[in-house]
Amino acid sequence: MSKCLMCQEGLQERQLFSEILLLKRKKNSLCPDCQLEFEPISSPICQLCCKKSKITPCADCLYWESQGKEVNHQALYHYNDKMMEYFSFYKFHGDYLLRKVFAKEVKLALLSHKDFTIVPIPISDQRQEERGFNQVTAILEAAGLPYLPLLKKEHSQKQSEKKRSERLKTAQIFHLDDQYPVPEKIILVDDIYTTGATIQLAKALLMKKGAKTIKTFSVAR
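As a starting point, this report considers the structure included with it. (Residues numbered from 1 in each chain as written. Predicted model: local features only at pLDDT ≥ 70, side-chain atom pairs only at ≥ 80, totals over all residues. Heavy atoms only, no water.)

A word on the nonpolar core. In terms of nonpolar packing, the biggest core is built from 36 residues, with Met83, Tyr86, Phe102, Val106 and Leu110 touching the most fellow members. Only strand S1 (73-77), helix H4 (81-92), helix H5 (103-111), helix H7 (135-142), strand S5 (185-192) and strand S6 (213-220) provide two or more residues apiece to this core. In contact with leucine 110, not counting residues within four places along its chain, are Ile118, Leu140, Leu145, Ile187, Val189 and Phe217. Listed in part, the 26 residues of the second largest apolar core include Cys46, Cys49, Val71 and Ile121. (Core = buried A, V, L, I, M, F, W, Y, C linked by side-chain atoms within 4.5 Å. Buried < 20%, exposed > 50% of the residue type's maximum accessible area, 1.4 Å probe, protein only. Helix = DSSP H or I, 4+ residues; strand = E, 2+ residues; numbered from the N terminus. Contact = heavy atoms within 4.5 Å.)

With that settled, the discussion passes to the packing of aromatic side chains. One pass over the structure, following the stated rule, counts 10 aromatic pairs. Ring geometry for tyrosine 63 against tryptophan 64: centres 4.9 Å apart, planes inclined by 75 degrees, an arrangement best described as edge-to-face. For tyrosine 63, a relative accessible area of 26% gives the class partly exposed. Judged by relative accessible area, tryptophan 64 falls into the buried class, the value being 5%. (Phe/Tyr/Trp six-rings, centres within 6.5 Å; stacked < 30°, edge-to-face > 60°.)

What follows deals with the environment of glutamate 65. On the secondary structure map, glutamate 65 appears in helix H3 (residues 59-66). In this structure glutamate 65 comes out as partly exposed when scored by relative accessible area, which is 44%. When sequence neighbours within four positions are dropped, the list of residues in contact with glutamate 65 reads Leu48 and Pro57.

Buried residues dominate S5, accounting for 7 of its 8 residues. Pairing of strand S2 (residues 117-120) with S5 involves 4 bridges; the strand directions are parallel. Bridge pairing in S5 places threonine 117 opposite isoleucine 186. Relative to S6, S5 runs parallel, the two sharing 7 bridges. Opposite isoleucine 186, over in S6, you have isoleucine 214 as the bridge partner. The parallel pair S5 and S6, bridged by helix H9 (residues 197-208), forms a crossover whose chirality is right-handed. (Pairing = 2+ DSSP bridges. Right-handed = clockwise from strand over helix to strand, strands pointing away.)

What follows is the structure in structure tokens.
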């Protein structure tokens, strides 16, 4: 019996008649109880960034507008206690199996952007060595999605350790891997969108280097 990747409880697998005919079996990675604790993006939200908000643009997006920046962000889930637990196990405790939890949903969402090149937000070489994997590219690989590792990141303090005001003032931490040309249409993919500071730094660099249209995407907002 397979187990839930979050709580390790056994999964009750019920095979549908259509799956028997097609000799296919859907594999669940979460039990129903854990799945219900994740909160899919739902209204009312800011239509620009998916933040819970009764107005569009929300306060976050108004800030970026005041800086002359555009926001065009899509996310799958709100960042609630269950999502915080997920990322704690996945990123900070290195549970690599958890890359599979949202892989199917990420694939469905990103396949709708057919003309866009997927560019993941990177982690620094030091963070890669500590963790053993990049949490963003691991999800993309679990989803079977091709991506272009165009961005490189300098080592810096974790965003999760910074106050909101510190995040908004973060200096440029990205540079380009010069072996790759910059596509005109890009969808930037990250794990969590909080203030949007990381996304805006990456967008600014890519636009400066020739990108024309950039959308952004994350698992959680």
